[in-house]
Amino acid sequence: MFDRRPLQALQHQLSTLAERSLDRHVRLAVTGLSRSGKTAFITALVHQLEQAGLQQARLPLWQVCASGRLLGARRVPQQHHHIPSFGYEAGLAALSGEPPAWPAPTRGLSELRLELRYHSRHPLWRHLGGDTSRLFVEIVDYPGEWLLDLPLLQQSYAQWSQQVRKQLAAPELAALAAPWLQLGSALNGTSRYDEALAARLAQAYTDYLHAAKAQLGRQLIQPGRFVLPGEYAGAPVLQFTPWLWPAPEGAPGRESLYAMFEQRFEHYKRHLVAGFYHDHFASFDRQVVLVDCLQPLQQGPAAWDDLAQTLGLLLQSFQYGQSNWWRRLFAPRIDRLLFAASKADHVTPDQHGALQALLESLTQGGRAHARFEGIQVASQVLASVRAGQFHTLTHQGKPLTVIEGTGLDGTPVALFPGDLPIGRPDAAYWQAPIQPLALRPRPWDQTGPMAHLRLDQALEFLLGDKLR
Ligand SMILES: Nc1nc2c(ncn2[C@@H]2O[C@H](COP(=O)(O)OP(=O)(O)OP(=O)(O)O)[C@@H](O)[C@H]2O)c(=O)[nH]1
Ligand SMILES: [Mg+2]
C-alpha cells in the first residue's frame, strides 16, 4: 500500500515554514560613529514607513511600496520591557518644529519595533495567510561613542596603552593631553594604588577625550563610556586610564596602580562592553553602517586619517565569519550589510559618485571581509532628511548647481560646496577643501512625507527580499 507518511511530513514542514514566513522578524542594526546620522536615519525611516501606507509615498525604489503591495507600517510595543523606547515623537517634533531642528544627540540605549503589513506575491504565503503578510522590524539606537569600545575587546591593557602612545605622537593631541600626562609624570610601574589619584587621573584623561572630540573633531575616543557614562557615571570601573609612564618590569605588584588600572580595563571590557553587545547586539539579521565622510573633509588631513583609522579598527571588530570570537560571542547571523555615506544633501548631485567612491575606499577592508563570508554587501549615498535643495544657476556664462538651505543659525545659505576628492584626499585637495555646511532641516508642511535622498534604495536592500 502507498505510504503517505513522507508526504504528510513534507506538508507539515512546508506549512511550518510558511507560518514562520508569514510572521517574520528582522533585527536591523543601525551602526555608525558618533554624529554619523543614526538617530536621524531611524526617525526618517519610521516616518517614511508610517507615511508609506497613508499618503503618496516618496519611495519609488522600494518595490513593495512602488508596486502598491505595502499596506502600511506602525509602531508596536517592543519585546524588551526594561529598555526605553526610541524617542520617535521627540525626534519628529524637533524635525517639524518652528524652527525645525535635528533630533538631540543620543545619550543612552533605546529600542523600537515596527509592524509592516503587505500583500505577498508568493502564492503559498497568499494561500496560507489570506490577503495580508506581516513583517516585524526591530531597531536599536545608542550613542555612537559606545561603538568604539568594540575594538577594545581585542586588545590587552598594554596594547591599548601602546596604541594611545602612538596617537599622542601627534603634537596637537599631545598638547591637549598635557595636563593628564603631567598629573601622572611621577608614576612608574611600582607606584601604589591611590584612590584619589586614580579618580583625578581618570578625570584628566576624560577631559582630554572631550577636548580631542570637540576641538579637533577626533573620532578615536576610547573608552566610549568615559565621554558618555550613562548609568556608570562615577563608578570605579570608569576610573582608569591608559598607562603612558614607565611600565612594571615583569608582573605588576598586586597593590600597584598599574595592576588596578589593568584590572579595571579588563572588567570594563568584560562587563560593560561584552555584556552590552551580548545583550543588545546578538542575533541581528541586517546591518547598516552610516559614515559621515564630509565632516573630516572640511577639517583637514589629520581628521581624515583619524576617521580612516577609526573605521578600520571598527570594521575589524565586526568580524562576521563562522570561526572568530565575534561570532562565538554574539552569534550574529547578518546576511546583508549596507554601507551608506550620510548627509548627501550637503554636496551637489554630480558629487554623489565621488562621495560613494570615498565611502568605498574608507570601508574597503570591511566590505571585502564580509563578502568573503558570503554576506551581501552594498554601498550607497543617502540623506535621511534632505535639508539642502539643489538649484542650477548660470555663473560666468556656465550652469552651476548650488545648494540652498538654511544654516543652523537661521541664515539663508546658497553655495557650491566644491568638488570631492576620489579616494584619499591629497595635498592639492587640501588647498581647496569643500566648504563646511551645516543646514537646518527644511520646514515640513505635513501634507506628505519629508524629502530624503535614496532612503528607498536603502530600504530595498535591507528589507526588499523579506517583503516579496
Ligand atoms: N543635512 C543633513 N544633515 C544630517 C542628516 N542626518 C544627520 N544630519 C546631521 O548630523 C547630525 C547628527 O545626526 P544624528 O542622527 O543625531 O547622529 P547620531 O549618529 O545619532 O549621533 P549620536 O547619537 O551622537 O551617536 C544632526 O544633528 C544633523 O546636523 C541628513 O540626512 N542631512
Ligand atoms: Mg543618535
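Residues numbered from 1 in each chain as written. Chains lettered and ligands numbered in written order. Predicted model: local features only at pLDDT ≥ 70, side-chain atom pairs only at ≥ 80, totals over all residues. Heavy atoms only, no water.

Draft legend 1. Representation of unusual backbone geometry within the structure. For the bond running from Glu-98 to Pro-99, omega is -5°, close enough to zero to count as cis. Summarising the element assignment, Pro-99 is placed in the loop between α4 (88–95) and β3 (110–118). A positive phi angle, near 65°, is found at Gln-446, a position not held by glycine. Along the chain, Gln-446 falls in the loop between α16 (427–431) and α17 (455–463). (Helix = DSSP H or I, 4+ residues; strand = E, 2+ residues; numbered from the N terminus.)

Draft legend 2. Molecular detail of the coordination of the magnesium ion (ligand 2). Here the magnesium ion (ligand 2) is held by the protein donor atoms Thr-39 (OG1) and Thr-106 (OG1), which lie 2.0 Å from it. Residue Thr-39 is found in helix α2 (residues 38–52), and its partner Thr-106 is found in the loop between α4 and β3; the two are separated by 67 residues along the sequence. For Thr-39, a relative accessible area of 16% gives the class buried. Given a relative accessible area of 17%, Thr-106 falls into the buried group. (Donors = N, O, S within 2.8 Å, 3.2 Å for Na, K, Ca; no water. Buried < 20%, exposed > 50% of the residue type's maximum accessible area, 1.4 Å probe, protein only.)

Draft legend 3. Local environment of the side chain of Arg-440. With respect to the secondary-structure elements, Arg-440 resides in the loop between α16 and α17. Among all residues touching Arg-440, those that are not within four sequence positions of it are Pro-99, Pro-100, Trp-102, Ala-387, Thr-406, Gly-407, Leu-408, Asp-409 and Gly-410. (Contact = heavy atoms within 4.5 Å.)

Draft legend 4. Layout of the domain arrangement of the protein chain. Under the domain assignment used here, the protein chain contains domain 1 (22–146 + 282–387 + 444–467) and domain 2 (149–278). In this complex, domain 1 contributes 26 residues to the contact, which on the side of domain 2 involves 21 residues. Taken together, both faces of the contact between domain 1 and domain 2 bury some 2,200 Å²; the carbon and sulfur share is 62%. Here domain 1 and domain 2 share one salt bridge between them. Its salt-bridge partner being Lys-213, residue Glu-145 comes within 3.2 Å of it at the nearest N-O pair. Counting across the domain 1 and domain 2 interface gives six residue pairs in polar contact (both at pLDDT 80 or more). When contributions to the side of domain 1 that touches domain 2 are tallied by element, the ones reaching two or more residues are α12 (301–317) and α13 (325–330). Residue contributions to the side of domain 1 that touches domain 2 peak at ten residues, all from α12. (Domains from an automatic or database assignment. Buried area = accessible area lost by both parts, 1.4 Å probe. Salt bridge = Lys/Arg side-chain N within 4 Å of Asp/Glu carboxyl O. Polar contact = N/O pair within 3.5 Å; in protein donor to acceptor, adjacent residues only side chain to side chain.)

Draft legend 5. Region of the structure containing the nonpolar core. Membership of the largest hydrophobic core comes to 88 residues, with the highest contact counts inside it found for Trp-180, Tyr-208, Leu-355 and Leu-420. Of the residues forming this core, the biggest block, ten residues, is contributed by helix α10 (residues 257–280). Sequence-distant contacts of Leu-420, defined by excluding residues within four places in its chain, comprise Leu-294, Leu-297, Val-347, Gln-351, Ala-354, Leu-355, Leu-358 and Ile-434. Listed in part, the 42 residues of the second largest apolar core include Ile-42, Leu-59, Leu-463 and Leu-467. (Core = buried A, V, L, I, M, F, W, Y, C linked by side-chain atoms within 4.5 Å.)

Draft legend 6. Summary view of the site of ligand 1. Around ligand 1 there are 19 residues in total, and Lys-38, Thr-39, Ala-40, Thr-106 and Gly-144 lie nearest to it. Here an oxygen atom of ligand 1 and a backbone polar atom of Ser-384 are 2.9 Å apart. Here Val-385 contributes a backbone N or O atom positioned 3.1 Å from a nitrogen atom of ligand 1. Tallied by class, the residues present in the shell around ligand 1 amount to seven nonpolar, eight polar and four charged. (Near = heavy atom within 4 Å. Nonpolar A, V, L, I, M, F, W, Y, C, P; charged D, E, K, R; others polar.)

Draft legend 7. How the structure looks around the environment of Glu-231. Tracing the backbone through its elements, the reader meets Glu-231 in the loop between α9 (224–227) and α10. Taking the relative accessible area as the measure of exposure, Glu-231 reaches 63% and is therefore exposed. Separated by 123 residues in sequence, Glu-231 and Gly-108 have C-alpha atoms that sit 8.9 Å apart.

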